[in-house]
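# A structural walkthrough
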Amino acid sequence: MSTDKEQTPPSTAAGSDDILMRLETVLSERKQADPTSSYVASLYKKGLNKILEKVGEEATEVILASKDAERQDSASNTQAVISETADLWFHTMIMLNQLNVPLQEVMHELDRRFGLSGLEEKAARKPE
């Protein structure tokens, strides 16, 4: 995962509660960046299919890291799960930004579901 950190100040523990919103801002800014100087800008230039390919790749890596962590309980395996999950979230946010879906909409959906039984929530969905 590359956030072009050389241009983005690192978060502190006290300010990390809004990291997703800050990241969304940076990802939006990268749409206008030079693709030769920004990993994120290069993904935007390559288009949605390339972004989706990265989301799928990162999802697979989360699965593999999780299976390793289950089999071999160690701090390094746990760190791999954390790292791969961060990569997945990062690339998912790039996908959302490419589709002009604000992160806040996803947060509202999670908030709407909070406190609902998973079975009730699933039953209330409209059939596709």
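Refer to the structure printed above.
All values derive from a computational prediction rather than experimental measurement.

A few words on the nonpolar core. In terms of nonpolar packing, the biggest core is built from 15 residues, with Leu27, Val40, Tyr44, Ile51, Phe90 and Ile94 touching the most fellow members. Counting residues per element, the ones that place at least two in this core are helix H1 (19-30), helix H2 (39-46), helix H3 (48-71) and helix H4 (75-98). With six residues, H4 is the single largest residue contributor to this core.

The end-to-end C-alpha distance of H4, which contains 24 residues, comes to 35 Å, matching closely the 34 Å that a straight helix rising 1.5 Å per residue would cover. Turning to H4, its buried residues number three or more, namely Asn77, Glu84, Asp87, Leu88, Phe90, His91, Met93, Ile94, Met95, Leu96 and Asn97. Contact partners of the buried residues in H4: H1, H2, H3 and helix H5 (103-113).

This part covers the pattern of salt bridges. Counted under the stated rule, the structure contains eight salt bridges. Of the charged contacts in the structure, one is a salt bridge between Glu58 and Lys54, with a shortest N-O distance of 3.8 Å. Residue Glu58 and its partner Lys54 are located together in helix H3, separated by four residues, close to a single helical turn. With respect to burial, Glu58 and Lys54 carry one shared label: buried. Here Lys67 ties to Glu70 by a salt bridge, and the two come within 3.6 Å at their closest N and O atoms. On the criterion of helical spacing, the pair formed by Lys67 and Glu70 is a turn pair, its members being three residues apart in helix H3. Residue Glu70 is classed as exposed on the basis of its relative accessible area of 61%. Salt bridges here are not isolated pairs; linked through shared partners, they connect Lys54, Glu57 and Glu58.

Together, Leu99, Val101, Val106, Met107 and Leu110 give the surface a local cluster of nonpolar side chains, amounting to about 370 Å² of exposed area. Within the element layout of this structure, Val101 appears in the loop between H4 and H5.

Quick look at the side chain of Asn77 now. Tracing the backbone through its elements, the reader meets Asn77 in helix H4. Here Asn77 falls in the buried class, since its relative accessible area comes to 12%. Among the polar contacts listed, one links the side chain of Asn77 to the backbone oxygen of Gln72, at a separation of 2.4 Å. Once you skip the residues sitting within four places of it in the chain, Asn77 turns out to touch Ala65, Asp68, Ala69 and Gln72.

Calculation notes
- Residues numbered from 1 in each chain as written.
- Predicted model: local features only at pLDDT ≥ 70, side-chain atom pairs only at ≥ 80, totals over all residues.
- Heavy atoms only, no water.
- Core = buried A, V, L, I, M, F, W, Y, C linked by side-chain atoms within 4.5 Å.
- Buried < 20%, exposed > 50% of the residue type's maximum accessible area, 1.4 Å probe, protein only.
- Helix = DSSP H or I, 4+ residues; strand = E, 2+ residues; numbered from the N terminus.
- Expected span 1.5 Å × (residues − 1).
- Contact = heavy atoms within 4.5 Å.
- Salt bridge = Lys/Arg side-chain N within 4 Å of Asp/Glu carboxyl O.
- Patch = residues over 30% accessible without salt bridge, like charges linked within 9 Å, V, L, I, M, F, W, Y side chains within 5 Å.
- Areas by Shrake-Rupley, 256 points an atom, 1.4 Å probe, with all protein chains shown as cover.
- Polar contact = N/O pair within 3.5 Å; in protein donor to acceptor, adjacent residues only side chain to side chain.

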